[in-house]
Amino acid sequence: MSARRSPTARSGARATAVAPPPPPDDAAPTSPEPEAGPRTLTYREACREGIRAAMLADERVFLMGEDVGMYGGCFGVSMGLLEQFGPERIRDTPLSESAFVGAGIGAALGGMRPIVEIMTVNFSLLALDQIMNTAAALQHMSGGQFHVPLVIRMTTGAGRQLAAQHSHSLEGWYGHIPGIRIVAPATIPDAYGMLATALADPDPVLVFEHGGLYNASGELPAGAGAVDLDTAAVRRPGTDLTLITYGGTLPMVLEAAERLAAAGVDAEVLDLRTLRPLDDVAILGSVRRTHRAVVVDEGWRTGSLSAEVAARITEHAFYDLDAPVARVCSAEVPMPYARHLELAALPTLEGVVAAAERVLRGGA
Amino acid sequence: MTADTPTQAPASTPGFRDGDPPEVRLLAQMLLVRRFEERCVELYSAGSIRGFLHVYVGEEAVATGVMSALEPDDAVVATYREHGHALLKGMSARAVMAEMYGKVTGCARGRGGSMHLFEAATRFYGGNAIVGGGLPLAIGLALADRLAGRDRVTACFFGEGAMAEGEFHESVNLAALWRLPVLFVCENNLYAMGTALARSESETNLAVKAAAYELPAWSVDGMDVLAVAEAADRAVQAIRAGGGPHFLEARTFRFRAHSMFDPERYREKAEVEQWKQRDPIELLRGRLVGQGTLAEADLAVMEAEVAAVVDDAAAFAEESPLEDLADLELYVHDPASSVLRRAPLLAAAREGVAP
């Protein structure tokens with residue numbers, strides 16, 4: 001994946017809730033056989049190839065959700081899979097998030113390995129009962145008798161002028177819940193490889209795909225496959241401060257690091273990758289080396305993932321810090337439609353650079 | 001039986017002997033549920049059982065009749081008023097009672113309590129305290145059977161209150177659309193906690209309402225266990241033959257309060273008394289004695305055997321140990337999860353020491 005997304009990729013050309021299907025060349029089924037060499041894929045294609053590989057590897061895997069079949073997925077992720085796998089394994093559901101998420105839980109209990117797609121994180125609230133009260137709780141309240149090997153994929157994030165019911169970043173909310181694992185692929189290898197690991201996980205895994213990343217492209221190395229879901233990744237090593245982020249804001253944060261480098265500041269960029277459980281080894285290890293941290297999170301600031309990360313740093317690395325932890329989050333408004341308002345509500349490159357400079361000054 | 005193995009063979013129904021007519025078994029099962037729950041109420045008053053306790057007294061014919069139509073490998077999803085369902089599916093009285101005591105020997109090791117009884121071995125999937133929350137789970141279990149080519153049925157119990165929930169409509173629609181092998185059993189006891197049917201449903205004929213989803217739906221006298229058993233048997237056979245989901249409304253009544261905290265201001269005593277005239281246990285007992293199938297002496301033996309099982313369960317629960325506090329955080333992740341493997345590493349990082 002290119003380290004920098006263009007500003008237009010962030011603001012996005014897609015202005016409809018249900019994006020038009022991608023162009024035909026994007027839909028052409030690719031070979032199920034592993035490619036010999038590295039290939040260049042979009043994030044969307046990487047997600048699709050991850051699903052395809054998982055379905056070829058295990059007959060228990062099936063995909064279920066609204067418009068995943070004949071439509072090809074509201075963001076085009078599952079384009080072509082119905083033709084390859086048929087309607088029993090690529091199942092279009094009615095508009096009934098609670099029922100089909102719960103059906104995924106039941107099917108997982110029944111020995112299958114379902115992948116449930118929810119169009120956007122905002123829609124997942126209609127299934128919150130099933131996710132929270134059943135998927136996350138069942139193992140504990142059954143005394144360990146039942147586990148739920150279910151994967152739920154959903155789109156998150158803003159930047160496409162989809163306004164206040166399609167644009168939020170609620171993965172921090174989900175990160176509050178014991179019993180589920182939360183992951184946010186930000187790169188092509190992660191978009192491809194996280195799914196296999198998630199399906200092998202004995203517990204429910206929620207995969208948050210940032211809608212602004214689907215058109216980003218990058219390289220999938222030869223032999224790419226399953227990746228771990230435990231560790232954060234240093235995407236850019238540095239010594240002066242740590243920029244901590246995940247998912248859709250990673251490209252922008254990497255760009256901010258380059259901007260800082262031009263000014264002589266060597267910033268480390270840490271991609272959290274897994275939002276629950278957080279990789280305290282990587283977070284605290286990096287901050288203990290650089291002594292300064294900025295957390296960049298597209299969620300709202302109050303009660304957010306960034307709050308959790310900042311709290312952990314102050315709880316466990318307070319005496320290693322040379323400045324207070326800074327945060328760059330979304331403005332506390334339901335996401336507005338107008339482009340200039342939406343951009344103003346979101347974390348920006350300039351905001352990240354300014355926060356970094358403030359932290360480098362000791363927080364003043 | 002040791003404290004480690006609370007499960008007993010499901011076939012052993014106290015008061016029933018091989019060779020007895022099947023109606024005797026139904027009576028013995030209803031009696032076990034009734035006497036077990038009467039003891040639960042006593043134990044609740046004594047403080048041995050805490051939390052919420054919802055008893056099924058008066059409604060026993062529904063689960064007993066439906067369960068008689070199921071095979072051991074069929075799945076059951078029930079509500080928070082599920083002690084009877086758990087016992088009838090084959091869970092031991094010990095495992096159920098110990099769970100209500102919050103003991104480690106309970107079916108959920110004290111994590112679930114009265115509202116969350118589970119047992120993998122008997123395919124009993126709860127124990128769901130969210131009204132309507134079990135329906136999506138049930139269709140998923142049925143979907144897995146369909147995809148795996150297994151000839152199994154999932155029975156899903158819910159109250160009439162659930163029929164006002166979106167999850168009912170979403171789930172029945174999906175089950176009918178995909179023709180999944182689910183038996184939906186609506187236990188219509190006329191009151192969703194304190195809200196009478198006519199105050200919560202625009203269409204009070206629930207079978208008519210369900211039939212809008214294009215699945216066979218009918219009502220049955222939920223106080224007559226033989227009628228319930230016959231209706232359930234017909235439905236289960238049709239489902240197993242590939243007939244898709246079926247809906248059965250059992251018209252019944254809860255003789256006691258909704259929970260132990262319910263002053264019952266929402267219904268008249270006369271209504272309760274009127275329904276008690278149709279006590280499902282008395283109806284069947286009268287019929288079996290009347291036709292000479294059972295003698296009063298047989299009934300006394302049945303009562304004694306049931307009482308022995310209930311006594312044993314209560315003693316077992318009383319004597320059982322509590323879960324070790326060190327095990328508080330068990331069962332949040334599967335033992336095979338890397339989350340558990342990495343936890344010490346993360347803890348060491350927080351303490352700033354090398355792992």
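As the structure is a computational prediction, the values presented were derived from the model and not from experiment. (Residues numbered from 1 in each chain as written. Chains lettered and ligands numbered in written order. Predicted model: local features only at pLDDT ≥ 70, side-chain atom pairs only at ≥ 80, totals over all residues. Heavy atoms only, no water.)

Colleague: Got a minute to help me understand the interface of chain A and chain B in this structure?
Modeller: Reports of interface size often rely on the accessible area that becomes lost once the parts have come together. Each side of the interface is counted separately: chain A has 51 residues, and chain B has 48 residues. Contact with chain B buries area across many residues of chain A, yet His140(A), Met141(A) and Phe146(A) alone supply 15% of it, more than any other trio. Connecting chain A to chain B are two salt bridges. Seen at the junction of chain A and chain B, the total is 22 residue pairs in polar contact (both at pLDDT 80 or more). Sorting the residues of the side of chain A that touches chain B by element identifies strand S2 (61-65), strand S3 (90-92), helix H5 (97-109), helix H7 (128-135), helix H8 (138-141), helix H12 (280-290) and helix H13 (305-316) of chain A as the ones contributing at least two each. The biggest single contributor to the side of chain A that touches chain B is H5(A), with 10 residues. Across the side of chain A that touches chain B, the residue classes tally to 20 nonpolar, 19 polar and 12 charged. (Contact = heavy atoms within 4.5 Å. Buried area = accessible area lost by both parts, 1.4 Å probe. Salt bridge = Lys/Arg side-chain N within 4 Å of Asp/Glu carboxyl O. Polar contact = N/O pair within 3.5 Å; in protein donor to acceptor, adjacent residues only side chain to side chain. Helix = DSSP H or I, 4+ residues; strand = E, 2+ residues; numbered from the N terminus. Nonpolar A, V, L, I, M, F, W, Y, C, P; charged D, E, K, R; others polar.)

Colleague: I tried to follow the domain arrangement of chain A on my own but got confused; where do I start?
Modeller: All names here are of chain A. Splitting chain A by domain gives domain 1 (39-220) and domain 2 (233-360). Averaged C-alpha coordinates put domain 1 and domain 2 at centres separated by 26 Å. Domain 1 puts 30 residues into the contact, and the matching count from domain 2 is 25 residues. For the domain 1 and domain 2 pair, buried surface summed over both sides reaches about 2,100 Å², with 57% attributable to carbon and sulfur atoms. On the domain 1 side of the contact with domain 2, Gln161, His168 and Ala184 bury the most area, a combined 24% of that side's loss. Taken together, domain 1 and domain 2 are joined by two salt bridges. (Domains from an automatic or database assignment.)

Colleague: Where do I start with the nonpolar core in this structure?
Modeller: The nonpolar side chains of a soluble globular protein tend to be buried, and buried together. Of all hydrophobic cores here, the largest spans 120 residues; its most connected members are Tyr174(A), Ile313(A), Phe158(B), Phe184(B) and Phe247(B). Looking at this core, you find at least three residues from each of domain 1 (39-220) and domain 2 (233-360) of chain A. In this structure Phe184(B) touches Leu135(B), Ile139(B), Cys156(B), Phe158(B), Ser171(B), Val172(B), Ala175(B), Leu215(B), Pro245(B), His246(B), Phe247(B) and Leu248(B), once residues within four positions along its chain are discounted. Judged by nonpolar contacts, the second largest core, of 74 residues, contains Leu88(B), Val153(B), Ala235(B) and Ala313(B). (Core = buried A, V, L, I, M, F, W, Y, C linked by side-chain atoms within 4.5 Å. Buried < 20%, exposed > 50% of the residue type's maximum accessible area, 1.4 Å probe, protein only.)

Colleague: Would you mind going over unusual backbone geometry with me for this structure?
Modeller: Trans is the common state for peptide bonds, and a negative phi is the common state for residues other than glycine. Looking along the chain, the bond that leaves Arg276(A) and enters Pro277(A) is cis, with omega of 0 degrees. You can see Pro277(A) is positioned in the loop between strand S12 (274-276) and H12. At the junction of Gly126(B) and Gly127(B), the peptide bond is cis and its omega measures out at 15 degrees in the coordinates. Here Gly127(B) is to be found in strand S2 (residues 124-127). Non-glycine residue Arg273(A) carries a positive phi angle of around 65 degrees. Position of Arg273(A) among the secondary structure elements: in the loop between strand S11 (267-271) and S12. Unlike most non-glycine residues, Leu190(B) shows phi in positive territory, near 75 degrees.

Colleague: Would you explain the sheet that holds S12(A) in this entry?
Modeller: What holds strands together in a sheet is hydrogen bonding between their backbones, with the strands either parallel or antiparallel. Residues and elements named next belong to chain A. Read from one edge to the other, the open sheet built from seven strands follows the order S3-S2-S4-S5-S7-S6-S12, with strand pairing classed as mixed. Edge strands, defined here as strands with exactly one partner in the open sheet, are S3 and S12. On average, adjacent strands in this sheet sit at an angle of 20 degrees to one another, irrespective of strand direction. Looking at chain direction, S2 and S3 are connected through three bridges and run parallel. In the strand pairing of S3, Met64 is matched with Arg91. (Pairing = 2+ DSSP bridges. Axes fitted to C-alpha atoms, helices over the stretch in contact; angles between N-to-C directions.)

Colleague: What is the right way to read helix H1 (residues 22-45) of chain B from this model?
Modeller: In an α-helix, one full turn covers 3.6 residues, which means residues spaced three or four apart are oriented alike. Between its terminal C-alpha atoms H1(B) stretches 35 Å, which fits the 34 Å expected from 24 residues at 1.5 Å a residue. One or two steps after H1(B), the chain reaches Gly47(B), where phi turns positive at roughly 90 degrees. (Expected span 1.5 Å × (residues − 1).)

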